Amino acid sequence: MEDTLILAIESSCDETAAAVVKNGRTVLSNVISSQIELHKLYGGVVPEIASRKHIEKINQVIEEALKEAKVTLDDLDAVGVTYGPGLVGALLVGVAEAKAIAYGKNLPLVGVHHIEGHVSANYIEHPDLEPPFLCLIVSGGHTHLVIVKDYGEFEILGRTRDDAAGEAFDKVARAIGLGYPGGPKIDKLSKEGNPEAISFPRAKIENCPYDFSFSGVKSAVLNYLNSAQMKGEEINRADIAASFQKAVVDVLVEHTILAAKDHNMNKIAIAGGVASNGTLRKAMKEACDKNGFAFYHPSPIFCTDNGAMIGAAAYYEYKKGTRHGWDLNAMPNLRLGER
Ligand code: KG4
Ligand code: ZN
């Protein structure tokens with residue numbers, strides 16, 4: 001079989017990224033230009049700044065990705081690009097770039113759903129992983145529990161009713177003065193704290209056992225901080241971080257294992273930025289071992305936004321015959337499974 005080489009572009013949020021991926025699973029290059037330092041000044045992603053920075057960086061990132069992969073545009077079989085969901089101005093930069101390259105080189109254009117990309121990150125380092133499997137997607141903007149029925153085909157079992165898991169990490173981190181992005185900082189600080197020190201709520205939603213809600217635990221942390229401040233009590237930030245993280249991880253693991261049992265799934269994967277969280281990975285692994293489920297997770301670099309995961313997803317879409325026209329537009333609210 002001929003190799004299929006895809007150039008993949010990702011610019012949905014604050015990472016300008018490009019990758020060259022062979023046959024959906026072999027990453028020849030994965031270049032990521034992060035804007036974190038820039039957005040840190042404002043405590044979160046500023047959409048207009050993100051778009052401008054993507055424009056500045058995108059050509060350079062693509063050139064590097066091609067160079068690292070030792071290929072030229074003439075070697076490619078298709079161009080894949082995230083077209084939603086995400087920040088509209090940020091997405092537009094990647095979409096316009098992908099269209100220009102595909103048009104100029106007469107290549108097929110394959111638009112990719114960002115979340116399908118996150119899920120597909122699992123294919124990169126697990127050549128044996130094939131659908132069907134259960135996947136918990138936890139990122140800054142999304143929290144979904146899905147059955148991956150086939151490549152690019154999802155049955156959504158549960159989702160968050162309010163904040164995404166990563167959003168809760170970021171908000172709590174800000175409240176305890178850790179800055180942006182909060183997830184990795186809470187992950188680190190919690191290693192010095194006691195996860196049993198403070199009992200934060202674990203939300204359950206009646207009749208929807210796979211849905212999530214993180215606004216309650218976030219408010220509980222804020223209330224805890226306010227009340228300590230009013231009483232003039234010292235707070236232990238590491239204990240707060242560890243206890244908050246434990247509350248979130250407990251719920252993520254519990255709902256995932258329940259869904260796996262209810263739907264007879266014996267393969268569980270995690271995806272998205274929060275999937276790089278050490279406590280989540282450990283707890284999910286232990287729960288999977290206990291129940292005899294196989295557990296899959298991408299390396300941290302493939303968990304947070306990157307081009308390689310888009311290349312993996314684009315490959316399976318390409319094989320299925322997905323082709324987008326020159327009218328492909330950025331879709332900030334694109335739903336999973338929608339095309
Ligand atoms: O998937 P991602 O890069 O972007 C989105 O599609 O949203 O996820 C970013 C989110 C942020 O909220 C960040 O705080 C969180 O992932 N995150 C983490 C960790 N690393 C990134 N959360 C917890 N622990 C981490 N180690
Ligand atoms: Zn993402």
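Residues numbered from 1 in each chain as written. Chains lettered and ligands numbered in written order. Predicted model: local features only at pLDDT ≥ 70, side-chain atom pairs only at ≥ 80, totals over all residues. Heavy atoms only, no water.

## What to know about the UniProt feature "binding site: substrate" (unreviewed entry) in the chain
Item 1. Per the UniProt record, the feature "binding site: substrate" (unreviewed entry) sits at Ile 137, Val 138, Ser 139, Gly 140, Gly 141, Asp 170, Gly 183, Asp 187 and Asn 277. In the annotated group above, the largest pocket draws its lining from Ser 139, Gly 140, Gly 141, Asp 170, Gly 183, Asp 187 and Asn 277.
Item 2. Mapped onto the fold, Ser 139 is located in the loop between strand S6 (133–138) and strand S7 (143–150).
Item 3. Here Ser 139 falls in the buried class, since its relative accessible area comes to 7%.
Item 4. In contact with Ser 139, not counting residues within four places along its chain, are His 118, Ala 164, Ala 165, Gly 166, Glu 167, Gly 272, Gly 273 and Val 274.
Item 5. One polar contact links the side chain of Ser 139 to the main-chain amide nitrogen of Gly 141, over a distance of 3.3 Å.
Item 6. On the secondary structure map, Asp 170 appears in helix H5 (residues 165–175).
Item 7. When neighbours within four sequence positions are excluded, Asp 170 is seen to be in contact with Tyr 180, Pro 181, Gly 182 and Gly 183. (UniProt positions renumbered as here; feature names shortened; annotations may be inferred. 1 Å grid on protein atoms, 1.4 Å probe; cavity = no way out; pocket = protein on both sides within 12 Å on 5 of 7 lines; lining within 4 Å. Helix = DSSP H or I, 4+ residues; strand = E, 2+ residues; numbered from the N terminus. Buried < 20%, exposed > 50% of the residue type's maximum accessible area, 1.4 Å probe, protein only. Contact = heavy atoms within 4.5 Å. Polar contact = N/O pair within 3.5 Å; in protein donor to acceptor, adjacent residues only side chain to side chain.)

## As for the state of the cysteines
Item 1. By the definition in use, this model includes zero disulfides.
Item 2. There is no disulfide at Cys 135, and the cysteine sulfur nearest it, in Cys 303, is 10 Å away.
Item 3. Looking at Cys 135, the relative accessible area reads 0%, which means it is buried. (Disulfide = S-S within 2.5 Å.)

## Some thoughts on the coordination of the zinc ion (ligand 2)
Item 1. In the first shell of the zinc ion (ligand 2), the protein supplies His 114 (NE2), His 118 (NE2) and Asp 305 (OD), at 2.0 to 2.1 Å from the metal.
Item 2. Bound by four donor atoms, the zinc ion (ligand 2) shows angles of 96 to 129° at the metal and therefore tetrahedral coordination geometry. (Donors = N, O, S within 2.8 Å, 3.2 Å for Na, K, Ca; no water. Tetrahedral: all angles 85-135°; square planar, octahedral: opposite > 155°, others 65-115°.)

## Looking at the sheet that holds strand S5 (residues 109–113)
Item 1. Across the sheet, which stays open at both edges, the five strands sit in the order S3-S2-S1-S4-S5 with mixed pairing between neighbours. In this open sheet, the two edge strands, each paired with only one partner strand, are strand S3 (26–34) and S5. Neighbour to neighbour, the strand axes of the sheet diverge by 20° on average, direction disregarded.
Item 2. Bridge count for strand S2 (residues 15–22) against S3 is eight bridges, and the pairing is antiparallel. (Pairing = 2+ DSSP bridges. Axes fitted to C-alpha atoms, helices over the stretch in contact; angles between N-to-C directions.)

## Things to note about the side chain of Asp 305
Item 1. Tracing the backbone shows Asp 305 in the loop between helix H10 (300–303) and helix H11 (307–320).
Item 2. Polar contacts involving the side chain of Asp 305 include one to the side chain of His 118, which spans 3.0 Å.
Item 3. Setting aside residues up to four positions removed in sequence, Asp 305 forms contacts with Glu 10, Ser 12, Cys 13, Glu 15, Ile 32, His 114 and His 118.

## Regarding the site of ligand 1
Item 1. His 118, Gly 140, Asp 170, Asp 187 and Asn 277 are the nearest of the 19 residues found near ligand 1.
Item 2. Residue Gly 140 places a main-chain N or O atom 2.8 Å away from an oxygen atom belonging to ligand 1.
Item 3. Protein contact buries 89% of the 550 Å² of open area that ligand 1 shows by itself.
Item 4. The site holding ligand 1 turns out to be the largest pocket.
Item 5. Secondary structure elements with two or more residues in the shell around ligand 1: helix H4 (114–125), H5 and helix H6 (182–189).
Item 6. Residues belonging to the shell around ligand 1 are distributed by class as follows: four nonpolar, twelve polar and three charged. (Near = heavy atom within 4 Å. Areas by Shrake-Rupley, 256 points an atom, 1.4 Å probe, with all protein chains shown as cover. Sits in = over half its atoms within 2 Å of the grid points. Nonpolar A, V, L, I, M, F, W, Y, C, P; charged D, E, K, R; others polar.)

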